[in-house]
Amino acid sequence: ARGTEGAGLALDGSDLGQLLKAIRKLGGGTSYVRGLIGFNNAGTPATQFDLKADAVNFRDPVSGEGFYVSPVNTLTVNVATAGPAVNGRDQAGAFAVSSWIHLYFIFNPTTGTVATISGASATGPVALPAGYTAWAYVGAVGFNGSSQIVPTYLRGSRAIYQNLQNSLNVGGATTSTAVSVAALVPPNALSYALSIRKLTGNTGAGPTLAMSHFVELVAGFTLHEADFQVTGSASTGQTQATSGGVAEVPNVGQAYRYYMSLVAGSAPSATHDVLSYVMPNGG
């Protein structure tokens, strides 16, 4: 009796499953996904996405009960299936183009069945199929302007793009300038990997090129610095190029700042790409 009341349940002698509910509620904790692997379905990559995991801890947000399942074998979610539907959408209408689709594992405690669902919300499915009461957040994938899932690999808590996703193309700012990544990084992502793919400048007298490239979140506070110097190995006015490495950037307002400081030479420029982002799925 004390166990059920300690779990916030009023003692009900007629409910033979009440003790189990209390145990599930007390031990439920938060939902999480461990050892996640996800990828665009090989046969229908534009609208279907495959998911599996080593372990998933589901939580029923109404009862507070938790359900642990290990492993979760490959399931395929179809974002073209109207819902709320098992392995489909959580809404009847199609998802908006150029948006984020949030993926979930869902659980039916009566049958012990695990399935998937997709939605436009990062805080939970707006509706669940009959019998499914618990869920665990997987992460977000992009939905492009042609209503296709952007090719993405999910590995644990990180989503890795199959192709470079350009955030800045030949930018030439010499004062702190904001760059939006709203189209490349979901609002609820924790951080993202930013590749400083290419830095260029022209050699000046000497001939010398000396420049520094900075990434910031707040103007005046350096998050990442890449220095580039060429001396005496080229003709005056010749274009030089290098890579500035990769910066892990906290997702603050889906934007970062950059600029270049030129000591010698001219025409500084930078090209950036988002390579991946980290999702809040506990894995």
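Throughout what follows, the structure given in this document is the object of discussion. Owing to the predicted nature of the structure, the values given are computational and were not obtained by experimental measurement.

**A look at the nonpolar core**
Here's step 1: By size, the foremost hydrophobic cluster in this structure holds 64 residues, and its most contacted members are Phe58, Phe105, Leu154, Tyr192, Tyr256 and Tyr277.
Here's step 2: When residues of this core are assigned to their parent elements, the largest contribution, eight residues, is made by strand β10 (residues 134-143).
Here's step 3: Contact partners of Tyr192, with chain neighbours within four places excluded, come to Val181, Val185, Ala247, Glu248, Val249, Pro250, Asn251, Ala255, Tyr256, Val274, Ser276 and Tyr277.

**Some remarks on the environment of Val246**
Here's step 1: Topologically, Val246 is positioned in strand β18 (residues 245-250).
Here's step 2: Sequence separation between Val246 and Ala193 is 53 residues, and the spatial gap between their C-alpha atoms is 6.6 Å.
Here's step 3: With near-sequence residues (within four places) excluded, Val246 lies in contact with Ala193, Leu194, Ser195, His224 and Leu275.

**Some thoughts on the environment of Ala241**
Here's step 1: As for its position among the elements, Ala241 is in strand β17 (residues 239-242).
Here's step 2: A relative accessible area of 48% means that Ala241 is categorised as partly exposed.
Here's step 3: For Ala241 and Lys198, which are 43 residues apart along the polypeptide, the C-alpha to C-alpha distance reads 6.5 Å.
Here's step 4: Those residues within four positions of Ala241 in sequence are excluded, and the remaining contacts are Lys198, Leu199, Thr200 and Phe228.

**Focus on the pairing of strand β3 (residues 48-53)**
A regular strand carries its side chains on alternate faces of the sheet.
Here's step 1: In terms of burial, β3 is a largely internal element, five of the six residues being buried.
Here's step 2: Pairing between strand β2 (residues 37-40) and β3: four bridges, direction antiparallel. Each bridged residue has a counterpart across the sheet, and for Ile37 the counterpart in β3 is Lys52.
Here's step 3: Both β3 and strand β6 (residues 72-78) contribute to a ladder of five bridges, which runs antiparallel. Bridge pairing links Gln48 to Asn78 in β6.

**Describing unusual backbone geometry**
Here's step 1: The residue after Gly83, namely Pro84, is reached through a cis peptide bond having omega 10 degrees.
Here's step 2: Its place among the elements puts Pro84 in the loop between β6 and β7 (88-89).
Here's step 3: The linkage connecting Gly206 with the following residue, Pro207, adopts the cis geometry, with an omega of -10 degrees.
Here's step 4: Structurally, the position occupied by Pro207 is in the loop between β14 (191-202) and β15 (208-218).
Here's step 5: Unlike most non-glycine residues, Gln254 shows phi in positive territory, near 55 degrees.
Here's step 6: When you line up the elements, Gln254 lands in the loop between β18 and β19 (255-264).
Here's step 7: Given a relative accessible area of 17%, Gln254 falls into the buried group.

Scoring rules and cut-offs
- Residues numbered from 1 in each chain as written.
- Predicted model: local features only at pLDDT ≥ 70, side-chain atom pairs only at ≥ 80, totals over all residues.
- Heavy atoms only, no water.
- Core = buried A, V, L, I, M, F, W, Y, C linked by side-chain atoms within 4.5 Å.
- Buried < 20%, exposed > 50% of the residue type's maximum accessible area, 1.4 Å probe, protein only.
- Helix = DSSP H or I, 4+ residues; strand = E, 2+ residues; numbered from the N terminus.
- Contact = heavy atoms within 4.5 Å.
- Pairing = 2+ DSSP bridges.

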